[in-house]
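Coordinate inspection notes
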Amino acid sequence: MFFALVAMVMMTMSANAQSIDNSSKLTFDRLANYLELRVNQIEPVKKAMAQFDSSLKAYNQLQDTSDAGKAWEKIQARHKATMKKILNEKQYDKYVKTLDLTVKNTADRMTEQLTATR
C-alpha cells in the first residue's frame, strides 16, 4: 500500500509539474523570491529543479514498483543534497520544509481520492 501511495504521489507531482509548464516562470520566480535567491544561485537552482523533474519523469516510468519507496527516497536524497550545495542553511531549511509539505499534501490528497473511490 505504501509503495502504491508513493508511486501515486510522484505521478501526481509530475503531472502537476507538467500542467504548470505554462506558468513555470512565475512558479520559479515565486520560489526564488521565497528563498531569497542571490543572482548567482538562480541558474544552479533552475538546473537542479530540471534534474529533479527529469528524475520524477523517469520514476513514473518504472515498470517494477516493488522498489518504488527506495527509488523515491534516493531521488529525494540526491535532490536535497544538490540543493544543500547551492543554498545557504536558511534557504535550504525553507526549501526542505516546502518540498516535504508538498509531498505530504500530495500524499494526503491521493489518500483521500483512494478512500473516496472505494
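Scroll up to find the structure this text is about.
An account of the accompanying structure is given in this report. (Residues numbered from 1 in each chain as written. Predicted model: local features only at pLDDT ≥ 70, side-chain atom pairs only at ≥ 80, totals over all residues. Heavy atoms only, no water.)

Membership of the largest hydrophobic core comes to 21 residues, with the highest contact counts inside it found for Leu 37, Val 45, Trp 72, Met 83, Leu 87 and Tyr 95. Of all the secondary-structure elements, those providing two or more residues to this core are helix H2 (24-35), helix H3 (39-60), helix H4 (68-86) and helix H5 (89-117). (Core = buried A, V, L, I, M, F, W, Y, C linked by side-chain atoms within 4.5 Å. Buried < 20%, exposed > 50% of the residue type's maximum accessible area, 1.4 Å probe, protein only. Helix = DSSP H or I, 4+ residues; strand = E, 2+ residues; numbered from the N terminus.)

Turning next to the packing of aromatic side chains. Overall, the coordinates contain 1 aromatic pair when judged by the stated rule. For the cation-ring pair, Lys 94 lies above Tyr 34, with the distance from its terminal atom to the ring centre recorded as 4.5 Å. (Phe/Tyr/Trp six-rings, centres within 6.5 Å; stacked < 30°, edge-to-face > 60°. Lys NZ or Arg CZ within 6 Å of the ring centre and 35° of its normal.)

Moving on, we get to H4. Taking 1.5 Å of rise per residue, 19 residues should cover 27 Å, and H4 covers 27 Å from first to last C-alpha, within 8% of that figure. Within H4, burial applies to Ala 68, Gly 69, Trp 72, Ile 75, Gln 76, His 79, Lys 80, Met 83 and Ile 86. The arc that holds every buried residue of H4, seen down its axis, measures 130°, which confines them to one face. Within H4, the exposed residues directed more than 90 degrees away from the buried face are Lys 70, Lys 74, Lys 84 and Lys 85. (Expected span 1.5 Å × (residues − 1). Arc of directions from axis to C-beta.)

This part takes up the pattern of salt bridges. Tallied over the full model, the rule gives 6 salt bridges. Glu 43 is the partner of Lys 46 in a salt bridge, and the nearest nitrogen-oxygen pair spans 3.8 Å. Of this pair, Lys 46 and Glu 43 both sit in helix H3, separated by 3 residues, roughly a single helical turn. Note on Lys 46: relative accessible area 38%, which makes it partly exposed. Close ionic contact of Asp 53 with Lys 57 constitutes a salt bridge, the shortest N to O distance being 3.2 Å. Here the residue Asp 53 and the residue Lys 57 both occupy positions in helix H3, the gap between them amounting to 4 residues, near one helical turn. Take Lys 57: its relative accessible area is 35%, and that puts it in the partly exposed class. (Salt bridge = Lys/Arg side-chain N within 4 Å of Asp/Glu carboxyl O.)

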